[in-house]
Amino acid sequence: MRRIWFFLLGLLLGLNTLVWAKEPYRIGAIFSVTGPTSFIGDPEKKTLEMLVEEINRAGGINGHPVEAIIYDTQGEETLAVQKFMRLVMQDRVLAIIGPSRTGTSLAVAPLAERYRVPLISCAAGIKIVEPVKPYVFKVAQSDRLAVKKIYQYLKAKGLTKVALLTVSNGFGQSGREELKRLAPRYGIEIVADELFGPKDTDMKPQLIRIRRTGAQVVICWGTNPGPAIVARNMRELGMPQKLIMSHGVASKRFIELAGKAAEGIILPAGKLIVAHELPDNDPQKPLLLSYIERYKARYGKEPSSFGGHAYDAFLLLKEALARAGADRAKIREALENIKGLKGIHGVFNMSPQDHNGLSEREAFVLVEIRGGNFHLLKD
Amino acid sequence: MENFLEFFFSGLVNGAIYALIALGFMIIYSATGVINFAQGEFVMLGAMFTAWLSGRGWPLPLVVGAALVGATLAGILTERLTIRPARTASPLILIIITIGVSILIKGLAMFTWGKDPLPVNPFLPSEPVHFLGATLSPQGLLVLVVSALAFLATESFFRFTLWGKAMRACAYNRFGARVLGINLSRLTCLAFGLSAALSGLAGIIISPLTFASYDMGTMLGLKGFSAAVFGGLGSATGALVGGFSLGILEALASGYISSAYKDAVAFLLLLIVLFLKPEGLFSPEKVEKL
């Protein structure tokens, strides 16, 4: 009896090698699947799992199946470093996707350099790829692109007096720096520069100060719930100024929180949330719609922009693996030379000087909140 | 002093919330000598119940009632399940237990309601009221009125009811109160229930202004604690004055000095008061009598 089992087992293994004639490509991923930033890591993990399954069903990359090992960082730097080392030393992966946060990405970037493992971060912080490190790439749009998009709009509308209201955490302050740095280039004068704490419950004092400065536009940079309170406070104070938000609130939850006060707010966002409204000649539209449909079919809800980062990272890595094969140095070189790759959050044109490869033309669109939903802003 | 009234009103609303939380700290401290660090979590529970139940389409009076009962029950359960079994331990150990309770409640809330803040619609129509060139939202006015009523109710409870008097007696001298036949176990339970109800009320009325999120309790608890210490931890009036001063100081600091240092300015002034008058601005007679 036992012999028969062994025979069957052997047959199975044999079949397996028949189907997968080639060695699998083993890749690693580290996301903040749990912890305070699980809203970033969880959709990333789900997206990557979906993509790996799809590609293996379709025959792998040049006949090589893909094996993805995903670890949870809980959004913590120390854990990110541990899991990174494990992927490199024990699992011997070819390349690593993630981490999800800027902090964790900066923590593992020096290790990617030391062990020469290509790393494709899903975080937004511009410091991850600036200055350029040979083995470190990132797919998320930098704040700078969002700021450029906003300033281009203001310039086109002839609005020059801007008040800043930013949250006093990493996201808000990185946005604030870019907003202040790029303002002169677009002929914009910053007439107020106010801050609020991430847990503050009332921003009226800051807004009253802003009102006195004669600002035409208020730009608020933060993540929920602060910006929703700002929107409501501005309405309570009856302030007529145009309110512009950051891509940090580009989710339905913001509209639910701010309610009526959300109407008319303009913000830069990835194309994913307005995919259906994009013109048909948009190069990313078919991919965006297909991602939404596949994700919905598998997980029963719409994908978030964070999942899109994992999607883009996988697309880049897939392209690099197809060109370079199982060699870390060659994968790195291939990644650096990818041009015109259409992803979820833009068209990637990598170069030795730019390891993000996105431009504000495709990476962001301006959306307006109307009727409780995001709509593409038409000039 | 341009826009003084507007800053003042904005601070008044936050101050009312701090005062309610400070009142909660004061009640438990009076009855047991314990600083309850889970106080902020009762605020969060009040707000969360409000967001959750109104999200399920319950009518407003029912939502408020249920949220109030929910927060009160949480307070009573905290006392029965964690403080009472350890009642012979020193206040320091009890304080540490309340820190554990706070972490537990916060974790449970995170698992039950998720990490995203939940929206709450204003209880009243949201057209702002103009008064002497300043604007005040109806919801803000509601916060002021409700907290004034809650303060009056608490004050008359302390002055005119037997249990209120017993609680004051207990604050003066725990042992003496016991000798006189006051049931300390029931008194402690009552104190936790009352204190959680007041904090829950703060959470309910502030939720339309700030929304409800699982981690909102920590900062509010800290501010309420500062207000309570500011006011001397011994009387309802002290809690009220402490809360309002902190709220108004904060608003004026971010209005006239810098919004970046808003919390720093408020806490710095608090420190100065504590250096000059460490027993708090409104210290109870207890200190002199001891």
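This is a predicted model, so every value here is computed, not measured.

So, how was this worked out
- Residues numbered from 1 in each chain as written.
- Chains lettered and ligands numbered in written order.
- Predicted model: local features only at pLDDT ≥ 70, side-chain atom pairs only at ≥ 80, totals over all residues.
- Helix = DSSP H or I, 4+ residues; strand = E, 2+ residues; numbered from the N terminus.
- Rg over C-alpha atoms; globule rule 2.2 N^0.38 Å.
- Buried ≥ 20, exposed ≤ 12 C-beta atoms within 10 Å, placed from the backbone.
- Contact = placed C-beta atoms within 7 Å.
- Pairing = 2+ DSSP bridges.
- Nonpolar A, V, L, I, M, F, W, Y, C, P; charged D, E, K, R; others polar.
- Expected span 1.5 Å × (residues − 1).
- Domains from an automatic or database assignment.
- pLDDT = per-residue confidence, 0-100.
- Axes fitted to C-alpha atoms, helices over the stretch in contact; angles between N-to-C directions.
- Parallel < 35°, antiparallel > 145°, perpendicular 65-115°, else oblique.

### Some words on the overall build of chain B
If you tally the helices and strands in chain B, you get twelve helices and two strands. Of the regular secondary structure in chain B, the N- to C-terminal order runs α-α-α-α-β-β-α-α-α-α-α-α-α-α. For chain B, whose C-alpha radius of gyration is 19 Å, the value lies close to the compact-globule estimate of 19 Å for 290 residues. For chain B, the spread of C-alpha atoms along the three principal axes comes to 55 × 45 × 35 Å. Per-residue burial over chain B gives 50% buried out of 290 residues. Contacts in chain B between residues at least 24 apart in sequence constitute 77% of all its contacts with a sequence separation of at least 6.

### Examining the overall build of chain A
Counting its secondary structure elements, chain A contains 13 helices and 14 strands. Against the globule reference of 21 Å for 379 residues, chain A gives a C-alpha radius of gyration of 23 Å, in line with a compact fold. By residue count, 53% of the 379 residues in chain A fall in the buried class. Long-range pairs, those at least 24 residues apart, make up 66% of the contacts in chain A between residues at least 6 apart in sequence.

### A closer look at the pairing of strand β8 (residues 217–221) of chain A
Residues and elements named next belong to chain A. Extensive coverage of β8 is indicated by the burial of five of its five residues. Burial along β8 is two-sided: V217, I219 and W221 facing one way and V218 and C220 facing the other are all buried. Summarising the sheet, strand β6 (residues 161–167) and β8 pair through five bridges and their orientation is parallel. Residue pairing across strands places T166 opposite W221, the latter belonging to β8. Two elements, β8 and strand β9 (residues 242–245), share four bridges in a ladder whose sense is parallel.

### Focus on the interface of chain B and chain A
Where the parts come together, the accessible area they lose is often given as the size of the interface. Contacts between the two partners involve 27 residues from chain B, matched on the other side by 26 residues from chain A. If you list the elements that add at least two residues to the side of chain B that touches chain A, you get α1 (4–32), α8 (184–210), α9 (216–231) and α10 (236–257) of chain B. It is α1 of chain B that provides the largest number of residues to the side of chain B that touches chain A, a total of five residues. Looking at the side of chain B that touches chain A residue by residue, the class counts come to twelve nonpolar, eleven polar and four charged.

### Regarding helix α2 (residues 39–55) of chain B
Relative to the 24 Å expected for 17 residues at 1.5 Å per residue, α2 of chain B spans 25 Å between its end C-alpha atoms, a close match to the ideal helical length. Within α2 of chain B, 14 of the 17 residues are buried, leaving the element largely enclosed by the surrounding structure.

### A word on the domain arrangement of chain A
All names here are of chain A. The domain architecture assigned to chain A consists of domain 1 (2–141 + 288–362) and domain 2 (144–269). Distance from the C-alpha centre of domain 1 to the C-alpha centre of domain 2: 34 Å. At the junction of the two partners, domain 1 supplies eight residues and domain 2 supplies nine residues. Its residues assigned to classes, the side of domain 1 that touches domain 2 shows two nonpolar, five polar and one charged.

### Here we look at the confidence of the model for chain B
Residues and elements named next belong to chain B. Averaged over chain B, the pLDDT score is 87; the fraction of residues at 70 or greater is 96%. For the stretch residues 285–290, pLDDT sits under 50, and the model shows four contacts to residues farther than four places along the chain or on other chains. Reported for the predicted complex are a pTM of 0.81 and an ipTM of 0.79.

### Description of the sheet that holds strand β5 (residues 136–138) of chain A
Residue and element names in this part refer to chain A. Here five strands make up an open sheet; going across it, the order is β2-β1-β3-β4-β5 and the pairing parallel. Lying at the two open borders of the sheet, with one neighbouring strand each, are β2 (66–72) and β5. Each of β4 (119–121) and β5 is contacted by helix α4 (residues 102–115), which is oriented at about 165° to β4, the strand it contacts most.

### Focus: helix α5 (residues 138–160) of chain B
Residue and element names in this part refer to chain B. The first and last C-alpha atoms of α5 sit 32 Å apart over 23 residues, in line with the 33 Å expected at 1.5 Å per residue. Among the residues making up α5, those that are buried are Q139, G140, V143, S147, F151 and T154. Lining the buried residues of α5 we find α1, β2 (134–136), α8 and α10.

### Some details on the environment of S226 of chain B
All names here are of chain B. Here S226 is to be found in helix α9. The spacing of S226 and A236 is ten residues in sequence and 15 Å in space, taken between C-alpha atoms. When near neighbours in sequence (up to four residues on either side) are disregarded, S226 contacts L246, F267 and L270.

### So, the packing of helix α6 (residues 162–172) of chain B against α8 of chain B
All names here are of chain B. Here α6 crosses α8 at 105°, and the two axes come no closer than 11 Å. Taken together, α6 and α8 sit at an angle that is classed as roughly perpendicular. Contacts between α6 and α8 involve W163, A166, M167 and C170 from the first element and L187, L190 and A191 from the second. Across the contact of α6 with α8, the residue classes break down as seven nonpolar, no polar and no charged.

### Notes on unusual backbone geometry
Residue and element names in this part refer to chain A. That bond from G98 to P99 is cis: its omega, -10°, falls within 30 degrees of zero. For the peptide bond that leads from E130 to P131, omega is 5°, which places it in the cis range. Along the chain, P131 falls in the loop between β4 and β5. A positive phi angle, close to 50°, is found at N62, a residue other than glycine. Tracing the backbone shows N62 in the loop between α2 (38–57) and β2. Residue classification places N62 among the exposed positions, given that 11 C-beta atoms sit within 10 Å.

### Remarks on the pairing of β6 of chain A
Residue and element names in this part refer to chain A. With six of seven residues buried, β6 is to be regarded as a mostly interior element. Summarising the sheet, β6 and strand β7 (residues 189–196) pair through seven bridges and their orientation is parallel. Counterpart to A163 in the pairing with β7 is A192.

### A few points about the environment of H375 of chain A
Residues and elements named next belong to chain A. Positionally, H375 belongs in strand β14 (residues 373–376). According to the C-beta neighbour criterion, H375 is partly exposed, with 13 such atoms within 10 Å. Between the alpha carbons of H375 and E67 there is a distance of 39 Å; along the sequence they are 308 residues apart. Leave out the neighbours within four places in its chain, and H375 touches V274, E277, V367, E368 and R370.

### Remarks on the packing of α5 of chain B against α6 of chain B
All names here are of chain B. Where α5 meets α6, the axes come as close as 5 Å, and the angle between the chain directions of the two elements is 80°. As summarised for this structure, α5 and α6 are arranged roughly perpendicular, according to the angle between their axes. The segment α5 lies against α6, with F157, F158, R159 and F160 engaging G164, M167 and R168. Here the contact of α5 with α6 is built from residues that sort into four nonpolar, one polar and two charged.

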